[in-house]
Amino acid sequence: MNNIVELIGVNKSYGTNHVVKDLNISVEEGEFLTLLGSSGCGKTTTLRMIAGFEEPTTGTIKVEGEPIEEKEPYERNVNTVFQTYALFPHKTIYDNIAYGLKMKKVKKAEIRERVTEMMEMVQLSGFENRYPSQLSGGQKQRVAIARALINRPRVLLLDEPLGALDLKLRKQMQLELKRLQKKLNITFIYVTHDQTEAMTMGDRIVVMKDGVIQQVDSPQNLYKHPQNMFVAGFIGSPQMNFLDATVLKRDGKLVLSLADNELDITDPFESRKEITGYLDKPVKLGIRPEDVTVDSKFIKNNPDKVLTAKLEVSELMGSESYLYLDYSGQKLTARVDADSTTNETVELGILTDRLHLFDPNSTVNIIK
């Protein structure tokens, strides 16, 4: 597929504040790309540079192969949807959606045809004569999307567009946006701080921290193969557990020595060459909460894959329970079947084939 948007060595500084650092991203035509990170990581600044509301300090931004730094926002074949909707309160829904076409001097008959088509697409037929104040938050968001899409941009930029909606409506709009994107085959570049939203919607996700890209990958690969501890901790809910450990050879077996236990990791890690450089050295052990079990049969059959921890809080979440535990002064969370244990001391079976090992200094994933 062709790259429709490219950011090449892009930097953005405000005085001494370097908010985006050496950004290199290629976005394929028809792709749903998500920029994910905490507030202040540079994701919205990146979006604003593509839109033309900010200019890069250094570097090049291309749309359809052409550098666009010198082009005004209205000259770029992109449109933006903001969290605040930015609707005209004194204009009807019809006039809000038609605004861009009227500015381009499109004929009235074509405007009416395209507005009608857009209102049907975002399921707002019959709302033409209403005003924004008469709409719900979700309806306003649909108007903002229709107003952007009616100009038939090659790229649609969305800056946390669902952030003001309640959880149920946000979930509904996530599905609607994904449906529209697939139907229209428009490239979406979507900014969010919500990792669940990013994982649900994005074909690929750009994880950012302090203006630097940490990893660009599919949702599945981000989850299964995080490149460092930041990505591992940012993706997944509840977040990954990190425990101090040391890699040892014990009686011909490869084990992780922890505070009060040893875990046999001979299978599957013994054959991995990356491990040899860490023998007798400290590592950070990464365990996802769902890779912990309290199943008595597993624990009985795998005594060398068991940790014992103290239960602090149990939180019921529908068919599951979250166990918040203390393991020798280190916090540990397990996601297990509901009502599976109420004991103060809990034996935890560890699914060692799903573990992650990180270098404690560089934080990179040893086993990618």
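Not measured: the values here are computed from a predicted model.

What counts and what doesn't
- Residues numbered from 1 in each chain as written.
- Predicted model: local features only at pLDDT ≥ 70, side-chain atom pairs only at ≥ 80, totals over all residues.
- Heavy atoms only, no water.
- Pairing = 2+ DSSP bridges.
- Helix = DSSP H or I, 4+ residues; strand = E, 2+ residues; numbered from the N terminus.
- Axes fitted to C-alpha atoms, helices over the stretch in contact; angles between N-to-C directions.
- Contact = heavy atoms within 4.5 Å.
- Buried < 20%, exposed > 50% of the residue type's maximum accessible area, 1.4 Å probe, protein only.
- Core = buried A, V, L, I, M, F, W, Y, C linked by side-chain atoms within 4.5 Å.
- Polar contact = N/O pair within 3.5 Å; in protein donor to acceptor, adjacent residues only side chain to side chain.

*Asks:* What's the story with the sheet that holds strand β9 (residues 204–209) in this structure? I'm lost.
*Replies:* Either a parallel or an antiparallel arrangement is found when strands of a sheet pair, and the pairing is made through backbone hydrogen bonds. The sheet built from 6 strands is open, its strands ordered β6-β7-β8-β3-β9-β10 with mixed pairing. Each of the sheet's edge strands pairs with one partner strand only, and the pair in question is β6 (78–82) and β10 (212–217). Recorded for the sheet is a direction-independent mean angle of 15° between the axes of neighbouring strands. Pairing of β9 with β10, which is carried by 5 bridges, proceeds in the antiparallel orientation. Residue Val206 lies in a different strand from β10, and its bridge partner there is Val216. Packing against the sheet, helix α4 (residues 137–149) makes contact with β6 and β7 (155–159), and its axis sits at approximately 170° to β6.

*Asks:* Can you walk me through helix α1 (residues 43–51) in this structure?
*Replies:* The α-helix winds at 3.6 residues per turn, so residues separated by three or four positions along the chain end up facing the same way. Across the 9 residues of α1, 7 count as buried, placing the element largely inside the fold. The first or second residue beyond α1 is Gly52, which carries a positive phi of 100°.

*Asks:* Is there a simple way to think about the nonpolar core in this case?
*Replies:* Nonpolar side chains in soluble globular proteins tend to be buried together. Ranked by size, the top nonpolar core spans 37 residues in total, and within it Ile97, Val115, Leu156 and Leu177 carry the most contacts. Of all the secondary structure elements, the ones that give two or more residues to this core are α2 (93–103), α3 (108–121), α4, β7, α5 (167–184) and β8 (187–192). The element best represented in this core is α4, accounting for 6 residues. Membership of the second largest hydrophobic core comes to 32 residues, among which are Val247, Leu332, Val346 and Ile367.

*Asks:* Help me understand the pairing of strand β1 (residues 3–14), please; the structure alone is not making it clear to me.
*Replies:* Looking along a regular strand, one sees the side chains alternate between the two faces of the sheet. Bridge analysis of β1 against strand β2 (residues 17–28) gives 8 bridges, and the strand direction is antiparallel. Paired with Ser13 across the two strands is His18, which belongs to β2. Between the end of β1 and the start of β2, which pair antiparallel, lie 2 residues, with Gly15 showing a positive phi angle near 65°. As paired strands, β1 and strand β4 (residues 58–63) are joined by 5 bridges and run antiparallel to one another. Each bridged residue has a counterpart across the sheet, and for Ile8 the counterpart in β4 is Thr60.

*Asks:* Got a minute to help me understand the environment of Asp280 in this structure?
*Replies:* Its place among the elements puts Asp280 in the loop between α9 (266–269) and β14 (282–287). Relative accessible area serves as the criterion here: at 60%, Asp280 is assigned to the exposed category. Taking the C-alpha atoms as reference, Asp280 lies 9.7 Å from Leu256; in sequence the two are 24 residues apart. Dropping the residues within four chain positions of it, Asp280 is found in contact with Thr246, Val247 and Leu248.

*Asks:* Is there a simple way to think about the side chain of Thr187 in this case?
*Replies:* Topologically, Thr187 is positioned in strand β8. Judged by relative accessible area, Thr187 falls into the buried class, the value being 0%. A polar atom in the side chain of Thr187 sits 2.8 Å from the backbone nitrogen of Gly30. Those residues in contact with Thr187 that sit more than four places away from it in its chain are Ile4, Val27, Glu28, Glu29, Gly30, Glu31, Arg154, Val155 and Leu156.

*Asks:* What's the story with unusual backbone geometry in this structure? I'm lost.
*Replies:* Negative phi is the rule for most residues except glycine; trans is the rule for most peptide bonds. Between Ser237 and the following residue, Pro238, the backbone shows a cis peptide bond with an omega angle of -10°. With respect to the helices and strands, the residue Pro238 is situated in the loop between α8 (229–234) and β11 (241–250). The backbone of Lys105 shows a phi angle near 65°, a positive value even though the residue is not glycine. Along the chain, Lys105 turns up in the loop between α2 and α3. A relative accessible area of 70% places Lys105 in the exposed class. Even without being a glycine, Glu160 presents a positive backbone phi close to 45°. Mapping Glu160 onto the fold places it in the loop between β7 and α5.

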